[in-house]
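One letter stands for each residue in the lines below.
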Amino acid sequence: MEKSAEKAQCSHVDLIIRRGRVINSASSMDRIADVAVKNGQIFAVGENLRLTADEEFDASSCIVTPGLIDLHVHCYQYATPLGVNVDESAVARGVTTVVDAGSAGATTFQGLRKYVAEKSKTRVYAFLHIAAHGLASAGCSGHGQGGECDSLNQVDPELCLECIEENRDIIVGVKVRLSADVANDGAYEEEVYVRALEAAKKAGVPLMVHHAFSTIPTESDGGDGLSAPGSMHFGDIYTHMYHGFPNTIIDIKTKRVCDSVKEARNRGVLFDLGHGLGSFSWTVAELCAKESFWPDSISSDLHTGNCHGPAHDLPFIMTKLLHVGMPLPYIIKAVTAAPANAIGKSNVIGSLMVGRAADITLLKIEDCDLQVEDCQSQIRHVTKQIAPEAVWRDGKRHPITRVNYRISMHQFYEQAKDWPRLHVHDECPPCPPGNRDAAHEFLKTI
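Report on the accompanying structure. (Residues numbered from 1 in each chain as written. Predicted model: local features only at pLDDT ≥ 70, side-chain atom pairs only at ≥ 80, totals over all residues. Heavy atoms only, no water.)

### Things to note about the environment of Thr 361
Positionally, Thr 361 belongs in strand 15 (residues 360-373). Between the C-alpha atoms of Thr 361 and Ala 390, which are 29 residues apart in sequence, the distance is 5.9 Å. Residues contacting Thr 361, with those up to four places away along its chain left out, are Ile 63, Val 64, Thr 65, Pro 66, Gly 67, Leu 68, Gly 94, Thr 96, Ala 390 and Val 391. Of note is the side chain of Thr 361, whose polar atom sits 3.2 Å from the backbone nitrogen of Leu 68. (Helix = DSSP H or I, 4+ residues; strand = E, 2+ residues; numbered from the N terminus. Contact = heavy atoms within 4.5 Å. Polar contact = N/O pair within 3.5 Å; in protein donor to acceptor, adjacent residues only side chain to side chain.)

Here's what the structure looks like:
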């Protein structure tokens with residue numbers, strides 16, 4: 001029984017969730033129990049709580065977890081090309097907290113604060129982009145279209161630090177994208193990286209690093225040169241860990257996780273999934289699974305380009321990790337206690353400890369029969385699905401929107417065009433499911 005649960009006996013509360021499998025990673029709890037909520041906070045957790053309540057919920061067929069946390073999204077809607085509606089894509093899918101990953105920089109952050117963080121039902125934190133204008137006119141990287149760090153005039157560590165100091169209630173870290181085509185075709189990448197590392201260190205917050213199609217190598221040369229994750233510090237976050245493009249964490253020759261990546265984890269660098277539109281490869285995930293190199297945090301990198309597939313939402317991405325063999329308790333930790341710790345908010349979220357915010361998600365593991373694509377349309381047959389059943393944020397229940405997960409053929413073909421650019425991939429190119437003629441014609445094109 002959690003602390004102070006005994007003295008709670010014979011009390012009246014607002015809500016009791018009864019007989020669910022409670023997985024509370026913060027206290028290593030995994031057993032059948034009740035959860036009581038009062039005044040928007042966790043009041044008690046224990047077996048057969050003798051309490052009366054305004055509302056009771058029978059969770060006997062559910063997994064009860066702290067409210068899910070998505071460590072990497074883009075929710076600066078209408079102000080950036082990638083921004084999604086956070087309440088439609090998060091709390092309606094069982095996610096009570098999101099962290100916007102660099103949509104705003106120092107000169108655009110106030111809009112994210114006023115129009116998104118302060119008005120959303122979902123709890124919103126943010127990584128502040130090292131570029132002052134954030135992703136105000138930037139889309140996905142890796143396609144040679146230019147981006148936010150094409151001018152070093154916009155990369156000001158002191159301006160970034162000033163904004164962090166004024167908004168520490170929401171800003172939890174710094175974000176940088178290491179991709180050549182968002183930094184003047186790579187000419188400014190090293191300087192941008194150095195400035196981002198400097199800003200995060202001075203502010204005492206983690207740096208989240210996006211790393212693909214970059215001039216910054218994955219493997220360190222052993223000298224003073226920059227690398228990622230080699231130059232990252234304890235508590236920094238390396239996102240998009242399962243992509244198969246240049247700068248993948250997989251050694252192409254050995255098909256094992258790079259030594260420098262393992263060394264970085266041993267030094268305390270955190271590894272985040274960051275599914276995105278191009279950053280989840282079944283092949284890479286399966287190779288990492290052989291070594292139990294699991295994500296510290298599972299995040300969606302949800303944005304306008306992937307919210308209708310291949311990412312969809314956080315529970316669907318959790319399903320993909322379940323399919324490759326990540327143990328369920330690890331999955332739950334990677335969307336609750338681990339991301340809360342990563343952003344320094346474990347005293348508020350990520351736990352069902354007494355006194356914490358009553359952010360609670362109920363999940364079910366359901367049988368399914370799905371053909372599920374990765375970001376380059378490689379397909380796996382998935383038979384178990386993690387689905388949200390109910391959600392409360394600060395003790396208030398919000399409706400769940402269930403999604404029909406099906407492959408869009410248009411999107412399948414668009415995603416598969418990037419398959420030849422992968423350094424790590426399946427032996428055979430992607431084939432559209434159930435249409436051999438179309439598959440034959442498509443294979444000719446790639």
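### What to know about empty space enclosed by the protein
Scanning the model with the defined rule gives 2 cavities of 30 Å³ or more in all. Approximately 40 Å³ is the volume attributed to the largest cavity. Lining the largest cavity, in full, are Asp 70, Val 73, Val 84, Val 86, Ser 89, Ala 90, Val 98 and Leu 302. Residue assignment for the lining of the largest cavity shows that the elements contributing at least two residues are strand 6 (68-73) and helix 1 (86-89). Looking at the lining of the largest cavity residue by residue, the class counts come to 6 nonpolar, 1 polar and 1 charged. Space inside the second largest cavity adds up to approximately 30 Å³. Considering the residues around the second largest cavity, the lining is formed by His 312, Phe 316, Gln 371, Val 372, Glu 373, Tyr 405, Arg 406 and Ile 407. Across the lining of the second largest cavity, the residue classes break down as 4 nonpolar, 2 polar and 2 charged. (1 Å grid on protein atoms, 1.4 Å probe; cavity = no way out; pocket = protein on both sides within 12 Å on 5 of 7 lines; lining within 4 Å. Points joined across faces, edges and corners; volume = space filled by probe spheres on them. Nonpolar A, V, L, I, M, F, W, Y, C, P; charged D, E, K, R; others polar.)

### Regarding helix 5 (residues 259-266)
Listed in full, the buried residues belonging to helix 5 are Ser 260, Val 261 and Ala 264. Taken around the axis of helix 5, the buried residues stretch over an arc of 100 degrees, which confines them to a single face. The outward face of helix 5, more than 90 degrees from its buried face, is lined by the exposed residues Asp 259 and Asn 266. Of the residues trailing helix 5, Gly 268 is marked for its positive phi of about 105 degrees. (Buried < 20%, exposed > 50% of the residue type's maximum accessible area, 1.4 Å probe, protein only. Arc of directions from axis to C-beta.)

### Topic: the packing of aromatic side chains
In the structure shown here, the tally under the stated rule is 8 aromatic pairs. With a centroid separation of 4.8 Å and 40 degrees between ring planes, the pair formed by Phe 213 and Phe 245 is classed as tilted. In this pair, Phe 213 sits in the loop between strand 10 (207-211) and strand 11 (237-238) while Phe 245 sits in the loop between strand 11 and strand 12 (250-251), placing the two residues 32 residues apart along the sequence. Ring geometry for Phe 316 and Tyr 405: centres 4.1 Å apart, planes at 20 degrees, overall stacked. Linking Phe 316 in helix 7 (residues 314-323) with Tyr 405 in the loop between strand 17 (396-398) and helix 10 (409-416), this pair joins segments that are 89 residues apart in sequence. (Phe/Tyr/Trp six-rings, centres within 6.5 Å; stacked < 30°, edge-to-face > 60°.)

### Digging into the nonpolar core
Core analysis: the biggest nonpolar cluster contains 93 residues, and Tyr 242, Ile 298 and Leu 321 have the highest contact counts within it. Broken down by element, this core gets its largest block of residues, 7 residues, from helix 4 (residues 189-203). If we skip the residues at most four places from it in the chain, Leu 321 touches Tyr 242, Leu 273, Phe 280, Pro 295, Ile 298, Met 326 and Ile 331. Val 35, Val 45, Phe 57 and Val 64 belong to the second largest nonpolar core, which has 19 residues in total. (Core = buried A, V, L, I, M, F, W, Y, C linked by side-chain atoms within 4.5 Å.)

### Things to note about the layout of surface pockets
Of the volumes computed, that of the second largest pocket is approximately 310 Å³. Contributing to the lining of the second largest pocket are 15 residues, with Pro 295, Asp 296, Ser 297, Lys 333 and Ala 338 lying nearest its centre.

### Observations concerning the pattern of salt bridges
Inspection of the entire model under this criterion finds 26 salt bridges. Of the charged contacts in the structure, one is a salt bridge between Glu 47 and Arg 31, with a shortest N-O distance of 3.2 Å. Linking Glu 47 in the loop between strand 3 (41-46) and strand 4 (52-58) with Arg 31 in strand 2 (residues 29-38), this pair joins segments that are 16 residues apart in sequence. Note on Glu 47: relative accessible area 45%, which makes it partly exposed. One connected set of salt bridges, linked through shared partners, spans Arg 123, Asp 359, Arg 393 and Asp 394. (Salt bridge = Lys/Arg side-chain N within 4 Å of Asp/Glu carboxyl O.)

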